[in-house]
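Topology and contacts: notes
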Amino acid sequence: DAGITQSPRHKVTETGTPVTLRCHQTENHRYMYWYRQDPGHGLRLIHYSYGVKDTDKGEVSDGYSVSRSKTEDFLLTLESATSSQTSVYFCASLPSGGASEQFFGPGTRLTVL
Amino acid sequence: AQSVTQLDSQVPVFEEAPVELRCNYSSSVSVYLFWYVQYPNQGLQLLLKYLSGSTLVESINGFEAEFNKSQTSFHLRKPSVHISDTAEYFCAVSEGQSGGSNYKLTFGKGTLLTVNP
């Protein structure tokens with residue numbers, strides 16, 4: 001399996017506080033993605049990166065920002081968390097060329113009270 | 001824009017029975033297709049994938065899926081299920097070598113397969 005980790009694995013926070021989730025991969029993959037998983041919705045893309053400092057919005061990007069200053073790290077920030085952002089967040093990576101499956105991290109369960 | 005429809009949100013079956021989980025997609029370009037499985041309280045694992053070549057793909061634990069371009073489908077089948085196959089199954093599609101898509105995945109909403117004794 002691709003070496004991809006997420007931190008923290010669990011977090012409880014309060015409405016209005018900033019939150020940053022970290023995704024770290026050791027495979028030198030070019031592409032990285034953030035998804036959220038909610039019951040009845042499957043996984044939905046929040047933001048993605050196609051290289052260092054190259055990012056773009058996904059389907060549900062409102063209220064989220066990302067940064068990628070190094071190949072191995074992709075950060076997801078909730079500037080001011082809301083209860084609607086309570087979810088399980090998954091990070092994924094994909095090697096250059098794209099003809100492969102995405103490799104997923106273990107997920108972060110975020111609860112916003 | 002691409003989309004994925006999983007026609008059944010829940011599929012209950014008895015152990016050793018056959019099962020089919022249906023997946024249809026919509027895309028205007030060539031696609032890559034995937035089935036991921038999520039066991040309770042775990043992350044996503046790749047079950048099988050279609051990138052090119054043979055339209056019938058198989059997993060190591062007995063699942064298979066067939067890419068049908070004319071029907072835009074990628075149904076998942078297993079001839080005899082086990083209790084341990086109880087999980088949620090997600091179909092996903094990404095645009096292939098057409099470029100510009102950055103291989104973003106679009107997921108279906110998932111099918112919960114429950115295998116009963």
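See the structure shown above.
This report concerns the structure included in the present document. Keep in mind the model is a prediction, meaning the values are calculated, not measured. (Residues numbered from 1 in each chain as written. Chains lettered and ligands numbered in written order. Predicted model: local features only at pLDDT ≥ 70, side-chain atom pairs only at ≥ 80, totals over all residues. Heavy atoms only, no water.)

1. Notes on the sheet that holds strand β3 (residues 19–25) of chain A
Residue and element names in this part refer to chain A. Condition: Any two strands between which DSSP finds at least two bridges are classified as paired. Runs of H or I in DSSP of at least four residues are treated as helices and runs of E of at least two as strands, each being numbered from the N terminus. Geometry is summarised by axes, namely lines fitted to C-alpha atoms with helices restricted to the contacting stretch, and by angles between N-to-C directions that run from 0 to 180 degrees.
In spatial order, the strands read β1-β3-β8-β7; together these four strands make up an open sheet with antiparallel pairing. With one partner strand each, in any of the chains shown, β1 (4–7) and β7 (64–70) form the two edges of the open sheet. Each adjacent strand pair in this sheet contributes to an overall mean axis angle of 20°, direction not counted. The sheet contact formed by β1 and β3 spans four bridges and is antiparallel. The residue bridging Thr5 from the neighbouring strand is His24, located in β3.

2. A look at the state of the cysteines
Short version of the rule: In this description, the term disulfide denotes a pair of cysteine sulfurs within 2.5 Å. Accessible area is worked out with a 1.4 Å probe on protein chains only. A residue is then buried under 20% of its type maximum, exposed over 50%, and partly exposed in between.
Summed over the entire model, instances satisfying the criterion amount to two disulfides over all chains. Cys23 of chain A shares a disulfide with Cys91 of chain A; S-S distance 1.8 Å. As the torsion about the S-S bond is roughly -75°, the Cys23 of chain A-Cys91 of chain A disulfide counts as left-handed. Pair noted here: Cys23 of chain A is in strand β3 and Cys91 of chain A is in strand β9 (residues 87–94), with a separation of 68 residues, a long-range link. Just as Cys23 of chain A is buried, Cys91 of chain A falls in that class too. The disulfide that involves Cys23 of chain B links it to Cys91 of chain B, with 1.9 Å between the sulfurs. Looking down the S-S bond of the Cys23 of chain B and Cys91 of chain B bridge, the torsion is -65°, so its handedness is left-handed. Here Cys91 of chain B lies in strand β10 (residues 87–95) and Cys23 of chain B lies in strand β4 (residues 23–26), a separation of 68 residues in the sequence. Of the two residues examined, Cys23 of chain B and Cys91 of chain B, each falls in the buried class.

3. Quick look at the environment of Leu113 of chain B
Residues and elements named next belong to chain B. Keep this limit in mind: Throughout, a residue-residue contact means that at least one pair of heavy atoms, one from each residue, lies within 4.5 Å.
Among the structural elements, Leu113 can be located in strand β12 (residues 111–116). Looking at Leu113, the relative accessible area reads 0%, which means it is buried. Taking the C-alpha atoms as reference points, Leu113 and Asp8, 105 residues apart in sequence, are found 9.6 Å from one another. Not counting the four nearest positions on each side in its chain, Leu113 is found in contact with Val11, Val13, Val19, Asp85, Thr86, Ala87 and Tyr89.

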